[in-house]
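Here is how the chains run, residue by residue.
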Amino acid sequence: MANLFASDLHLEDQRPDILRAFFRLLDEQKKDLQQIYLLGDIFEVWLGDDTPSACADALAEKLSSLAREGIEIFLLHGNRDFLLGPAYAARCGATLLHEPVLLTVADRPAALLHGDSLCTLDTDYMAFRKMVRDPKWIEQFLAKPLSERIAIGRSLREQSRQSAQQKQEYIMDVTPEEVLATMRELKVELLIHGHTHRPAVHDLVLDGKAVQRLVLGDWHTQGWYLLADDNNILLKSFPFCGE
Ligand code: MN
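Once a new chain begins, its residue numbering starts again from 1 and follows that chain's sequence as written. For a predicted model such as this one, the threshold for reporting local features is a pLDDT of at least 70, and the threshold for listing and counting side-chain atom pairs is 80 or more; totals across whole chains, interfaces and linings nevertheless cover every residue. In computing side-chain properties, one takes all heavy atoms of the structure into account and sets aside hydrogens as well as water.

**Things to note about the overall build of the chain**
Selection rule: Working definition: helices are DSSP H or I runs of at least four residues, strands are E runs of at least two. Numbering for both runs from the N terminus. C-alpha atoms define the radius of gyration, and 2.2 Å times the number of residues to the power 0.38 defines the globule rule. Only protein chains enter the calculation, and the probe is 1.4 Å; a residue is then buried if its accessible area is under 20% of its type maximum, exposed if over 50%, and partly exposed in between. Residue contacts are counted whenever heavy atoms from the two residues lie within 4.5 Å of one another. The sign given to each residue is positive for Lys and Arg and negative for Asp and Glu; His and the chain ends receive no count. Positions of charges follow a simple convention, taking NZ of Lys, CZ of Arg, CG of Asp or CD of Glu.
Along the chain, the regular secondary structure elements total eight helices and 11 strands. Whereas a compact globule of 243 residues would reach a radius of gyration of roughly 18 Å, the chain reaches 18 Å, a difference of no more than 12%. Dimensions of the chain, computed from C-alpha atoms along their principal axes, come out at roughly 50 × 40 × 35 Å. Considering the chain as a whole, with its 243 residues, one finds that 49% of them fall into the buried category. Here the contacts in the chain between residues at least 6 apart in sequence split such that 67% fall between residues at least 24 apart. When the 26 basic and 37 acidic side-chain charges of the chain are each reduced to a single mean position, those positions are 2 Å apart.

**Re the nonpolar core**
Rules: Buried Ala, Val, Leu, Ile, Met, Phe, Trp, Tyr and Cys residues form a nonpolar core when they are joined through side-chain atoms within 4.5 Å.
The biggest cluster of nonpolar side chains holds 44 residues, and the ones touching the most others in it are F22, F43, L59, L75 and W219. Among the elements that line this core, the one with the most residues is helix 1 (residues 16–29), at seven residues. Other than its neighbours up to four places away in sequence, F22 contacts A6, L9, L38, L59 and W219.

**Focus: the pairing of strand 8 (residues 200–206)**
So the rule is basically this: Any two strands are treated as partners once DSSP identifies two or more bridges connecting them.
Inspection of the sheet shows strand 8 paired to strand 9 (residues 209–215) by seven bridges, in the antiparallel sense. Within strand 9, the residue paired with V201 across the bridge is L214. Between strand 8 and strand 9, which pair antiparallel in sequence order, lie two residues; one of them, D207, sits at a positive phi of approximately 50 degrees.

**Brief notes about the coordination of the manganese ion**
Put simply, the rule is: Water is absent from the atoms considered, so a metal site may look incomplete; donors are defined as N, O and S atoms within 2.8 Å of the metal, or 3.2 Å for Na, K and Ca.
The manganese ion binds to the protein through D41 (OD), N79 (OD1), H114 (NE2) and H195 (ND1); the donor distances cover 2.0 to 2.2 Å. Mapped onto the polypeptide sequence, the residues donating to the manganese ion form the spacing pattern D-x37-N-x34-H-x80-H. Note that N79 is positioned in the loop between strand 3 (72–76) and helix 3 (86–91) and H114 in the loop between strand 6 (108–112) and helix 4 (123–132), a separation of 35 residues in sequence. When sorted by exposure, N79 lands in the same class as H114, which is buried.

**Some remarks on the pattern of salt bridges**
The line we're drawing: Definition used for salt bridges: Asp or Glu carboxyl oxygen within 4 Å of a side-chain nitrogen of Lys or Arg.
As enumerated under the stated definition, the model contains 19 salt bridges in all. A salt bridge links K167 to D122, with the nearest nitrogen and oxygen atoms 2.8 Å apart. Residue K167 is located in the loop between helix 6 (146–165) and helix 7 (169–172), and its partner D122 is located in the loop between strand 6 and helix 4; the two are separated by 45 residues in the primary sequence. Residues participating in the shared-partner salt-bridge network are E99, D116, R129 and R133.

**Details of the sheet that holds strand 5 (residues 101–105)**
Inclusion rule: Here the axes come from fitting lines to C-alpha atoms, over the contacting stretch only for helices, and the angles between their N-to-C directions go from 0 to 180 degrees.
Read from one edge to the other, the open sheet built from five strands follows the order 5-6-7-9-8, with strand pairing classed as mixed. Strands at the two margins of the open sheet, each flanked by one partner only, are strand 5 and strand 8. Going from strand to strand, the sheet's axes swing by 25 degrees on average, the running direction of each strand aside. Bridge count for strand 7 (residues 190–193) against strand 9 is four bridges, and the pairing is parallel. The residue bridging L191 from the neighbouring strand is R213, located in strand 9. Against the sheet, helix 8 (residues 176–186) engages strand 5, strand 6, strand 7, strand 8 and strand 9, with an angle of about 70 degrees to strand 8.

Following this line, the structure appears as structure tokens:
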């Protein structure tokens, strides 16, 4: 049996091809799967569980059918879908987890993060993150009418797009010291995250011990996932073809 990890699908109604590719992967793998973890930015934008979305409906239907077949499903928040709530998770037959998630992967102590918290050099973003992750801010935002939430979301994404264009590449990536500090604090040998859209397996040394940072890629033109069994963990990708 295996566990599947994916991140940064960035699902939106305008991109049904991504959802079809993801469903194809799930159908291919499901007979061997015990657990599925989606590590955030599952959706390009999430403005509340009451927002109408065809791709969200389709994903909930698919995941809940897998849950009924006995696969455990876990969802984490990303920076784009941190407003995803327990109502939507329940529709998916999934459990909503809050990072850092500690677990055993391939017989090693591991942690799951979305990954944005590791990008500490992006001080503008870290300040913004602190503001919008405040439960009071979230409560006030979700109490606004949907039309207002859509307008605010659009303006925040535009600001984020403009500021990203002015930032140097290294600022948008994880801070290496923050990775090691996080792994030391959490006492893990594997750190699995997405967010940076820089899929890779990084072999690192932490206090004289070999550890790994495994980065999931985003689903823009190909699918990325990690498949772990009791002994191994593999980063895999496949192109979207004729989806
Ligand atoms: Mn992200």
